[in-house]
Amino acid sequence: MGMIILLAVLVALVLWVISVQRDLVTKDENCKNAMSQIGVQQSSRWDALTAIADLVRSYDEHEYNTLRDVIGMRQGITGKSSAEEVEAQEQAMAQAMKAINVVVERYPELKANDNYKKAMDDVNTYENQVRMSRMVYNDTVTLYNRLIRMFPSSFVASIFHFDMREYLEVEKEKTAMPSMKIH
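Figured I'd write up the structure that's included with this text.

Cut-off values and rules
Residues numbered from 1 in each chain as written. Predicted model: local features only at pLDDT ≥ 70, side-chain atom pairs only at ≥ 80, totals over all residues. Heavy atoms only, no water. Helix = DSSP H or I, 4+ residues; strand = E, 2+ residues; numbered from the N terminus. Rg over C-alpha atoms; globule rule 2.2 N^0.38 Å. Buried < 20%, exposed > 50% of the residue type's maximum accessible area, 1.4 Å probe, protein only. Contact = heavy atoms within 4.5 Å. Areas by Shrake-Rupley, 256 points an atom, 1.4 Å probe, with all protein chains shown as cover. Lys, Arg positive; Asp, Glu negative; His and termini not counted. Charge placed at Lys NZ, Arg CZ, Asp CG, Glu CD. Patch = residues over 30% accessible without salt bridge, like charges linked within 9 Å, V, L, I, M, F, W, Y side chains within 5 Å. Salt bridge = Lys/Arg side-chain N within 4 Å of Asp/Glu carboxyl O. Arc of directions from axis to C-beta. Polar contact = N/O pair within 3.5 Å; in protein donor to acceptor, adjacent residues only side chain to side chain.

Now for the overall build of the protein. Within the protein, the secondary structure is distributed over seven helices and zero strands. Reading the helices (α) and strands (β) of the protein from amino to carboxyl end gives α-α-α-α-α-α-α. Relative to the globule expectation of 16 Å for 183 residues, the C-alpha radius of gyration of the protein, 24 Å, shows a markedly less compact shape. With respect to the principal axes defined by its C-alpha atoms, the protein has extents near 90 × 40 × 25 Å. Split into buried and exposed, the 183 residues of the protein put 36% on the buried side. In the protein, the share of contacts with a sequence separation of at least 24, taken over all contacts with a separation of at least 6, comes to 76%. Looking at the protein as shown, the accessible area adds up to about 11800 Å², and 58% of this sits on carbon and sulfur atoms. Distance from the positive charge centre (21 side chains) to the negative charge centre (25 side chains) of the protein: 4 Å.

Taken together, the side chains of Leu7, Leu10, Val11, Leu13, Val14, Leu15, Trp16 and Ile18 make up a nonpolar region of the molecular surface, amounting to roughly 730 Å² of accessible area. Mapped onto the fold, Leu7 is located in helix α1 (residues 2-57).

Take the pattern of salt bridges next. Counting across every chain of the model gives twelve salt bridges. A salt bridge links Lys32 to Asp28; the nearest nitrogen and oxygen atoms lie 3.5 Å apart. Of the two residues, Lys32 and Asp28 both sit in helix α1, four residues apart, roughly one turn of that helix. Since its relative accessible area comes to 24%, Lys32 is described here as partly exposed. In this structure, Arg57 engages Glu61 in a salt bridge whose closest nitrogen and oxygen atoms are separated by 3.3 Å.

The next point concerns the environment of Lys80. With respect to the helices and strands, the residue Lys80 is situated in the loop between α2 (61-71) and α3 (83-106). Along the primary structure Lys80 and Asn33 are separated by 47 residues, whereas in three dimensions their C-alpha atoms are 9.2 Å apart.

Glu63, Tyr64, Leu67, Val70 and Ile71 are the residues of α2 that are buried. The arc that holds the buried residues of α2, viewed along the axis, is 125°, so those residues lie on one side. Residues His62 and Asp69 are exposed on α2 and point more than 90 degrees away from its buried face. If you follow the buried residues of α2, they end up packed against α1 and α3. The distance from a side-chain oxygen at the start of α2 to the backbone nitrogen of His62 is 2.8 Å, and the residue carrying that oxygen is Asp60.

Next comes the structure, spelled out in structure tokens:
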């Protein structure tokens, strides 16, 4: 009788470990998928910026080359990318947007161009989608990290070498309170 109880406990323990490991794999894959979605949205945003750079070419070749150099910093984000890599791409994109804004100030007729307006609408749409994808990623990482840190699943996570994931941080200038002064 004691052998049956011991065998039943052992089977239950093995089934529990398998269940926790499968849950960890599922949550890990969800994190990778969420990161990939950020990459897809960023790629679309880069494509829209490239379209703007191509428009700039008809105004000034030097400005076009400058924008192409900035856009050349583009790197793909995949499910295996880190939070730092996403942040680096966001910084590169911010540089590209600043360069485009400088060009638009020099060439007001570019700002009035319908293709420019459409491309900027696309950039804004993709930026909103990146923002949503970042939120989904951080929510997914929260669930994954929680499972890794909570006992007894933390025991299984350490056995199978599941590591914590980093959150995507909000840029400091985006969280600062805007000035409400009326001039």
